[in-house]
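Letter by letter, the chains look like this.
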Amino acid sequence: MDILLAIAIMALGAVVLGALLGFASIKFKVEGDPLVEKVEAILPQTQCGQCGFPGCKPYAEAIVNGEEINKCPPGGSEGVQRLADLLGREVKPLDAEEKPKQIAIIDENTCIGCTLCIQSCPVDAIVGAAKQMHTIIAQQCTGCELCLPPCPVECIHMAVIPETIDNWKWKYPVVAMQVVAADKAAAIKEAA
Amino acid sequence: MFAPAPFLLKDVSVSQVMIQVCVALIPGIAAYASLVGPAILVQLVITTVAALVTEALMLKLRGKPLSLFLTDGSVIVTAWLIALTFPPLAPWWLVVTGTVFAVIVAKHLYGGLGQNPFNPAMVAFAVCIVAFPALMSQWPSVGLQLGLIDQMNIILGWAPRVDTLTGATPLDAMKTALKLGDSSFDISTLLANQDIYGNFAGRGWEWVAAGYLLGGLWLWHRKLITWHVPLAFVASLSLISGALWLYNPSQFASPLFHMLSGGAMLGAFFIATDPVSGCTTPRGKLIFGAGAGLLAYIIRVFGGYPDGVAFAILLMNLCAPVIDLLTQPPVFGMKDKA
Amino acid sequence: MLMDLFKFKGGVKPPSNKLQSNHLPIAQAPMPSRLVMPLHQSIGGTPRPIVAAGDHVLKGQMIGEADGWISAAVHAPTSGTVVEVAMHVRPHPSGLDSLCVVIEPDGKDEWIARTPIDHNAAAPADVFHHLQQCGIVGLGGAGFPAHGKLTPTKGVPMDELIINGAECEPFITCDDLLMRERADEVVRGIAVFRDLLQPKKVLIGIEDNKPEAIAAMRAAVDALNEPFSVVAVPTLYPAGGAKQLIRVLTGKEVPGSMRSTADMGVQVFNVGTAYSAWRAIAHGEPLISRILTVTGNVHAPRNYEVLIGTPMGELLALAQPHPDTDGILMGGPMMGFLIPNPQVPVVKTTNCLIAHDDRLFPPKAPEMPCIRCGACARACPHELQPFEMYWFSRAKNFGKTQEYNIFDCIECGCCSYVCPSRIPLVQYFRFAKSEIWAREREKNASDQAKARFEFKQLREEREKADKAEKLAKAAAAQAAKKAAEAAAAAAESGADAAVATAAPEMDAKRAAIEAAMARAKAQREAVQPKNTEHLAPDQQKAADEIEARRVAAHLIEDRVSSEKATAAPTAQLDPKS
């Protein structure tokens, strides 16, 4: 009799909890995959395709489906770190050389107005018309370098964004000396 | 060019803070020495040397500059607190074990100065009282008059530890009385007979507590501690002891007794106020002090150990981060909105 | 003159070091060899240069024009020739260059025609415009264009106008001397602000370590018969912070998140701002000079009236710095910064130059770990928890620093001042703040890039669809035309054979093609699968329709590929614009 009662209680508990879970799954249903959005929010939206995917969203989807998190050079090692934090994965060194943020610049004297770069720019940051000189809207350029290969006259080059008073940042207090050391190391490397 | 503002700095340093804490301990140490003899001074020397050596070793192992960290004085405060909380005639290896454990495990394994979640001296006390309960409860009888040499011999193990040397502290006496469960028994008469407490005119533990109180008030005056923790500690301890005392004065000791015996004053002014392991927000400090006082009373009266201050503070250390998180004060301009 | 004062929490009392420089009257600094006028001297937009190299300018002539509401014009401090408009280092902790107009004085110091304005007769908008054209900005330190602060917030009554003469930073005495010597014009300037803002009360707050200034201001207020209260406030750094002074004088606490104190019915101006506003209104003089303390490790510290744009090194030389001077500090020792070289010019917000040496400002002892002593929290005038913000800034956990209200920090330096571990707390907070701003910028840029990328994709798809639709329509029209022609031809050939024989060669050719097509059709029908042989008419019709669509699709494909080769799409505008 006791056993039956115990079983009944457990069964009742299971039913109640099951119903609760079922209710919760309907009540708190999440549309879409929020993880993809969170991953995409971390990606730098350069749409450069350096990760091997046609844009940041496809890469975000691939990451959620198990793709490595270290394939985004514009995001840098900090991006890898943030992805690792979000997904609880291991931090891996970036699968490419880390570069400072750059923008593309068109040499307007060489440009022949072929419009090929305009077509290749994923964010419509190049203005111009056929047989007219083109130029890049610096504020909109993500530095994806996708306009470099199509240019038939190689009039586009990448330039590091210069430090100005507007984008200048206060430095990290302790590491200041280490930064100097790193600069020196880089200088030695260059000289060698 | 790397020179951030402000260019003017107040003349303060960690070592200055620590030295002042040591100075504030001196009245209590003096009263203690007059009560139990020079043994306490011997213990202070032993713990200080042991602590400095261990600290130097750990700093070396961790690759930290000795000149900067060995002189910060934090380890000396820890050493002194250990000497003052251990029985004055405890064997040298016991206090050294406690000190080494405090410096290595409680301090450096957690990251050294400023990083320890628990007060190292209290960790040492807790570890030793659990591991060596008998030795840790052998307190010298107050009437005992032994010279420096005799006391040193006992501490260093060159003379036998005989039972007649030790007596009951006030808290031991209270505990024994409570354990007997004799309802006809009056706690105040017992304490009066012991000739170890409550006789302000003569020799007694209350003078040691008074010494700590004096030093603590000086620390407060110097703005090295705030009033929150000691006041909350004293208030909660006297509230609960007072309530039970009023309920049954023969079974429960008076608030004054609780305040002036054991580690209450040392704990309230010197250990619970340790900023590293304690709370930092004003409200958090009040909760921390009150909690420590309450727990100390509960352990003293209902627990298994004669004094509960060490465990009470360790337990509150455990809660400090979450108390801090929940008691963040409102910032300037946001008071009515908070 | 007694009134209830309030207290703010925290604050520190560093040695004031004001006595060195406040015993001598203000002196006129000599004309420098050249003047470098940075165009960006105030909060807000960067004025556009309106002179070019080689131009001759007169004293007070505008050389940079305001580019927006929160922006103020810049003027030539003396007459002379514009040498260049180029990038030069300007006083900023970064030591970076910005656009400057360099003027070589001609020594004549010849004024341009000055136009005063009657602020009682003129409309407020005209007064604001006049102040903006005269380049009047807050001289207390931040350099906010003054006209931008002279409008009360809508719906909030303006209770108090506060004039800040607290001057709480050590060493600085320029406001002290200004109030002592030119109290009359300061009070007249305050009256202008009062007329524009219409506050209920006007409070002039001066720290009680400046009794002469307090006396001079009281005398001036009485002489002009104004109902202003001159209030001595206790000396406690940073009592001269706008929000601290508001708290002390009115008891109001303006939250860090509030952009304008006018939202709480209070407005604060520096005494120097009031003075230069009066000069602009009554004399039409733009802001081209200011009073400046030169002190520190010098032989003769004192205050000078200095032309904006004077190289700091030339000024310091006037005070005869001791030989061991190793740098120039702009601003006070609590919030100032070392300038990168002596050629850096004085700007509108430069209130003090301090010759730096190791005796006055001993090098910082090495940083120790934080012991959570809470001294910083007790010293913080904004009641923050600096040590908590420090842990998170250090760990670069910027989200957490914001939870601890890092943006309420005014960088006054009290926490660093009292820290026994000598941690450069303010430096950590500045680092964290600028990282957060940079991240915000990056986030905005990436959001924008994403929107533009998605729009481009959308546009490309839409263009494709549009084209496909257009081609389908064209193909359908062509097919219908052909079908009609074929039907007509068939009817013709069946009805009138004579016409067919009489038809020209073309028709014969067409007939031959049609015959070939008929043969091919017959052949195809011969190899057709069985199940299509005995179809119901509607089934047959459906099958034909499918066939027609297939043909159309082929056509489309061909046309698209040929078009792609020649197409030259032009850049599209931003979807938002």
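Criteria and cut-off values
- Residues numbered from 1 in each chain as written.
- Chains lettered and ligands numbered in written order.
- Predicted model: local features only at pLDDT ≥ 70, side-chain atom pairs only at ≥ 80, totals over all residues.
- pLDDT = per-residue confidence, 0-100.
- Buried ≥ 20, exposed ≤ 12 C-beta atoms within 10 Å, placed from the backbone.
- Helix = DSSP H or I, 4+ residues; strand = E, 2+ residues; numbered from the N terminus.
- Pairing = 2+ DSSP bridges.
- Axes fitted to C-alpha atoms, helices over the stretch in contact; angles between N-to-C directions.
- Left-handed = near helix turned anticlockwise from the far one by under 90°.
- Contact = placed C-beta atoms within 7 Å.
- Nonpolar A, V, L, I, M, F, W, Y, C, P; charged D, E, K, R; others polar.
- Domains from an automatic or database assignment.

## A word on the confidence of the model for chain B
In the predicted model, chain B carries a mean pLDDT of 86, and the fraction of residues at 70 or more is 86%. Reported for the predicted complex are a pTM of 0.82 and an ipTM of 0.88.

## Comments concerning the pairing of strand E2 (residues 35-38) of chain C
All names here are of chain C. Judged by which residues are buried, E2 turns out to be covered on both faces: Leu35 and Met37 on one side and Val36 and Pro38 on the other are all buried. Bridge analysis of E2 against strand E8 (residues 97-105) gives four bridges, and the strand direction is antiparallel. Residue pairing in the sheet places proline 38 in a bridge with cysteine 100 of E8.

## Digging into the packing of helix H4 (residues 74-85) of chain B against helix H6 (residues 120-131) of chain B
When two helices pack together, their arrangement is given by the angle between their axes and by how far apart the axes lie. Residue and element names in this part refer to chain B. Interhelical geometry of H4 versus H6 gives an angle of 35 degrees and a closest axis separation of 8 Å. Between H4 and H6 lies a crossing of right-handed hand. Along its contact with H4, which presents Thr78, Leu81, Ile82 and Thr85, the element H6 presents Pro120, Ala121, Ala124 and Phe125. Across the contact of H4 with H6, the residue classes tally to six nonpolar, two polar and no charged.

## A word on the environment of Leu19(C)
All names here are of chain C. Looking at the secondary structure, you find leucine 19 in the segment before strand E1 (27-28). Note on leucine 19: 10 C-beta atoms within 10 Å, which makes it exposed. A C-alpha to C-alpha distance of 22 Å links leucine 19 and cysteine 412, two positions 393 residues apart in sequence.

## Considering the domain arrangement of chain B
Residues and elements named next belong to chain B. We note that the domain assignment places domain 1 (13-167) and domain 2 (170-326) within chain B. Each partner contributes to the interface: domain 1 provides 28 residues, whereas domain 2 provides 30 residues. The set of elements that each furnish at least two residues to the side of domain 1 that touches domain 2 consists of helix H1 (14-36), H4 and H6. Among the elements that take part in the side of domain 1 that touches domain 2, H1 stands out by supplying twelve residues, more than any other.

## Here's the deal with the environment of Gln385(C)
For Gln385(C), the position within the fold is in the loop between helix H7 (375-379) and helix H8 (386-394). Gln385(C) sits in the buried class, given 21 other C-beta atoms within 10 Å. Apart from the residues lying within four places of it in its own chain, the contact partners of Gln385(C) are Gln328(B), Ala377(C) and Tyr404(C).

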